[in-house]
Amino acid sequence: DYNNEKYGYKNYIDVDSFVDYFLINELTCNYDAGSLSTYIYKDTSGKYKMCVWDFNSACDAYQEQAMPIDEFRLNSGLWYQMLFMDIDFTDRVVERYYELRKTVFSEEYLFGFIDDTVDYLGSAIDRNYNKWGYTFAKDYDLLHPAERNPRSYEEAISQLKDFLRKRIEFMDENIETLRQYSAESKTKKYNEVSD
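Residue indices begin from 1 for each chain and proceed along its sequence in written order. At least 70 in pLDDT is required for a residue's local features to be given in this predicted model, at least 80 for side-chain atom pairs to be given and counted, and no such filter applies to totals for whole chains, interfaces and linings, which use all residues. Hydrogens are left out, water is left out, and the side-chain values use all remaining heavy atoms of the structure.

**Student:** It is not clear to me how the nonpolar core should be interpreted in this structure. Could you clarify?
**Tutor:** Grouped burial of nonpolar side chains is what soluble globular proteins tend to show. Core analysis: the biggest nonpolar cluster contains 36 residues, and F22, L23, Y80, F89, V93, M171 and I175 have the highest contact counts within it. Numbering of helices and strands runs from the N terminus; a helix is a DSSP stretch of H or I covering at least four residues, while a strand is a stretch of E covering at least two. Among the secondary structure elements, those contributing two or more residues to this core are helix 1 (15–27), helix 2 (80–83), helix 3 (87–101), helix 4 (107–121) and helix 6 (153–174). With 7 residues, helix 1 is the single largest residue contributor to this core. Excluding anything up to four places from it in sequence, I175 contacts L23, F72, V94, Y97 and Y98. Take the buried Ala, Val, Leu, Ile, Met, Phe, Trp, Tyr and Cys residues and link them wherever side-chain atoms come within 4.5 Å; each set so joined is a nonpolar core. Partly exposed describes any residue whose relative accessible area lies between the buried limit of under 20% and the exposed limit of over 50%, with all areas from a 1.4 Å probe on protein chains only and scaled to the type maximum. What makes two residues a contact is simply this: any of their non-hydrogen atoms within 4.5 Å.

Dropping the structure here:
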């Protein structure tokens, strides 16, 4: 009864919040989302909303291994496995992705935001390096395998942009494949539920 008018998810969640949550976490490969680092709240409208937070393992910064950028993961996780069975939800995700690609998911916007942030930080970058610069040293590898570790601030910025460029390319080419999870052959047994 996931999409049942009386009992379905639309009665309980702010759908747009769940759509945006999915997209921002997929864009950044933040796969703690939806399972470990997850915060949900219920506002005055009475519906549950997702809150984006905790991106320490996003954008290929997960310590134990590189995160694959050529797959979607959240769609098979908690809540989303059922949400993607509904073609309406899936369509909203795909349409919202295309909408965001014209604005805040565009390379122009994202890279401009990164560059503007670097400019804003200015001399704070050097002060931070004086305190924490040892993290760029070869004997202080936090990421595994070791070749994933940037050796300078500039390399870290370049690595972030390269990650985003590749991830956007994958999502552009594959966002429509999410529709397979709403196919009747996939959802039939769930759609046979009745009141």
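**Student:** How should I be thinking about a nonpolar patch on the surface in this particular structure?
**Tutor:** On the surface, Y12, I40, Y48, L78 and W79 cluster together into a nonpolar patch covering about 480 Å² of accessible area. Residue placement: W79 occurs in the loop between strand 2 (48–51) and helix 2. By relative accessible area, which is 35% here, W79 ends up partly exposed. What makes a patch is a set of residues exposed beyond 30% relative accessible area and free of salt bridges, joined within 9 Å when like-charged and within 5 Å when nonpolar (Val, Leu, Ile, Met, Phe, Trp, Tyr). Accessibility throughout is a Shrake-Rupley quantity obtained with a 1.4 Å probe, and a residue counts as covered only by protein chains that appear here. Salt bridge criterion: a side-chain nitrogen from Lys or Arg within 4 Å of a carboxyl oxygen from Asp or Glu.

**Student:** What's the story with the packing of helix 1 against helix 6 in this structure? I'm lost.
**Tutor:** The description of two packed helices rests on the angle between their axes and on the distance between the axes. Geometry is summarised by axes, namely lines fitted to C-alpha atoms with helices restricted to the contacting stretch, and by angles between N-to-C directions that run from 0 to 180 degrees. Where helix 1 meets helix 6, the closest approach of the two axes is 10 Å, and the angle between their N-to-C directions is 125°. Here helix 1 is positioned oblique relative to helix 6, judged by the angle of their axes. From helix 1, L23, E26 and L27 reach across to helix 6, where they touch F163, R167, I168 and M171. Three residue categories are used. Nonpolar comprises Ala, Val, Leu, Ile, Met, Phe, Trp, Tyr, Cys and Pro, charged comprises Asp, Glu, Lys and Arg, and polar comprises the others, including Gly. Taken together, the residues of the contact of helix 1 with helix 6 sort by class into 5 nonpolar, no polar and 2 charged. We call two directions roughly parallel when the angle between them is under 35 degrees, roughly antiparallel when it is over 145, roughly perpendicular when it lies between 65 and 115, and oblique otherwise.

**Student:** Teacher, can you tell me more about the side chain of T28 here?
**Tutor:** Here T28 is to be found in the loop between helix 1 and strand 1 (39–42). Counted as a polar contact is a pair of N or O atoms within 3.5 Å, where, for protein atoms, one must be capable of donating a hydrogen and the other of accepting one, and residues adjacent in sequence contribute only when both atoms are in side chains. Within the local environment of T28, its side chain forms a polar contact with the backbone oxygen of I24, the two atoms lying 2.9 Å apart.

**Student:** How do you make sense of unusual backbone geometry when you look at a structure like this?
**Tutor:** Residues other than glycine predominantly adopt negative phi, and peptide bonds predominantly adopt the trans conformation. A cis amide bond links H144 with the next residue in sequence, P145, at an omega value of -5°. Within the fold, P145 resides in the loop between helix 5 (124–132) and helix 6. With a phi close to 55°, C59 is a non-glycine residue in the positive phi region. Along the chain, C59 turns up in the loop between strand 2 and helix 2. Phi is positive for D60, close to 65°, though the residue is something other than glycine. In this structure, D60 sits in the loop between strand 2 and helix 2.

**Student:** Looking at this model, I keep getting lost on the pattern of salt bridges. Mind explaining?
**Tutor:** Once their charged atoms are close, side chains differing in charge can pair, the charge on each being opposite to the other. For the coordinates displayed, the defined rule picks out 18 salt bridges. In this structure, K166 and D162 form a salt bridge, with 3.2 Å as the shortest nitrogen-oxygen distance. Taken together, the residues K166 and D162, both in helix 6 and 4 residues apart, mark about one turn of the helix. In this structure K166 comes out as partly exposed when scored by relative accessible area, which is 43%. The exposure class of D162 is partly exposed, given its relative accessible area of 30%. One network of salt bridges, in which partners are shared, links K10, D16, D88 and R92.

**Student:** Could you clarify how one ought to interpret the confidence of the model for the chain in this entry?
**Tutor:** Reading predicted coordinates in detail is not appropriate for stretches of low pLDDT. Each residue carries a pLDDT score, the predictor's confidence in it, ranging from 0 to 100. Taken residue by residue, the chain gives an average pLDDT of 91. The fraction at 70 or more is 98%. When pLDDT is averaged over each element of the chain, helix 4 comes out on top at 98 and helix 7 (residues 184–191) at the bottom at 75.

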